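Chain residues, written in single-letter form:
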Amino acid sequence: QVQLVESGGGPVQAGGSLRLSCAASGRAFNMLTTGWFRQAPGKEREFVAAFRWSGSTYYADSVKGRFTISRDNAKNTVYLQINSLRPDDTAVYYCAARYPNSVSPITTNNGYDYWGQGPQVTVSS
């Protein structure tokens, strides 16, 4: 019964920045592990970043130093700040959530129970 509603995204020039938001209802984010995934056209969905229920974070090597995941408990919202965008960052970005007792790795998309609608991020050179 957890619902994830995403906002943000859109077209941006290379080198620019975007901030994606994911608001949850039905469960507090501090009771869940939240992940961000992305899927480029013709590609498999890949892991981007995760915010564990305990407060620790984990990033894919391809986005370390450029992407930042954060959480606002008062708003029950998680964010993905994306800086220094490159054309190969172009993808649909999905917010996902799962309970902390999941046995699947946090980097695996089938380990998550709930998904946002996936806004498009398009980076032009």
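Residues numbered from 1 in each chain as written. Predicted model: local features only at pLDDT ≥ 70, side-chain atom pairs only at ≥ 80, totals over all residues. Heavy atoms only, no water.

Q: Would you take a moment to explain the pairing of strand S9 (residues 91-98) for this structure?
A: In summary, the side chains of a regular strand alternate between the two faces of the sheet. Extensive coverage of S9 is indicated by the burial of eight of its eight residues. Inspection of the sheet shows strand S4 (residues 33-39) paired to S9 by seven bridges, in the antiparallel sense. Pairing of Thr34 across the sheet is with Ala97, part of S9. In terms of strand pairing, S9 meets strand S11 (residues 120-124) through two bridges, oriented antiparallel. Note on S11: the bridge partner recorded for Val92 is Gln120. In this sheet, strand S10 (residues 114-115) lies alongside S9 in antiparallel orientation, the contact comprising two bridges. Bridge pairing in S10 links Ala97 to Tyr114. (Buried < 20%, exposed > 50% of the residue type's maximum accessible area, 1.4 Å probe, protein only. Helix = DSSP H or I, 4+ residues; strand = E, 2+ residues; numbered from the N terminus. Pairing = 2+ DSSP bridges.)

Q: Even after reading the chapter, I still don't get the state of the cysteines, so can you show me in this structure?
A: Disulfides are covalent bonds that connect the sulfur atoms of two cysteines. This structure, assessed with the given rule, holds one disulfide. For Cys22, the disulfide goes to Cys95, at an S-S distance of 2.1 Å. Torsion about the S-S bond of the Cys22 and Cys95 cystine: about -80°, corresponding to left-handed handedness. Taken together, the residues Cys22 in strand S3 (residues 18-25) and Cys95 in strand S9 connect sequence positions 73 residues apart. Relative accessible area serves as the criterion here: at 0%, Cys22 is assigned to the buried category. When its relative accessible area of 0% is taken as the criterion, Cys95 is described as buried. (Disulfide = S-S within 2.5 Å.)

Q: Quick question: what am I supposed to make of the pattern of salt bridges here?
A: Two side chains that carry opposite charge are able to pair once their charged atoms sit near each other. Inspection of every chain in the model, using the stated rule, returns five salt bridges. Notably, a salt bridge pairs Asp61 with Lys64, separated by 3.1 Å at the nearest N-O pair. On the basis of relative accessible area, Asp61 is assigned to the exposed category, the value being 65%. In this structure, Asp89 engages Arg66 in a salt bridge whose closest nitrogen and oxygen atoms are separated by 2.7 Å. One end of the pair, Asp89, is in the loop between strand S8 (77-82) and S9; the other, Arg66, is in the loop between strand S6 (57-59) and strand S7 (67-72), and 23 residues separate them in sequence. The exposure class assigned to Asp89 is buried, which follows from its relative accessible area of 0%. A residue is classified by how much of its surface remains accessible, and Arg66, at 10% relative accessible area, is buried. Connected via shared salt-bridge partners are Arg38, Glu46, Arg66 and Asp89. (Salt bridge = Lys/Arg side-chain N within 4 Å of Asp/Glu carboxyl O.)

Q: Would you explain the nonpolar core in this entry?
A: Nonpolar side chains tend toward joint burial in soluble globular proteins. Leu4, Phe29, Trp36, Leu80 and Tyr93 are the most contacted members of the largest nonpolar core, which has 35 residues in total. Within the residue set of this core, elements represented by two or more residues are S3, S4, strand S5 (46-51), S7, S8, S9 and S11. Those residues within four positions of Phe29 in sequence are excluded, and the remaining contacts are Leu4, Cys22, Ala23, Ala24, Thr34, Arg71, Asn76, Thr77, Val78 and Ala97. (Core = buried A, V, L, I, M, F, W, Y, C linked by side-chain atoms within 4.5 Å. Contact = heavy atoms within 4.5 Å.)

None of this, on its own, says anything about what the molecule does.
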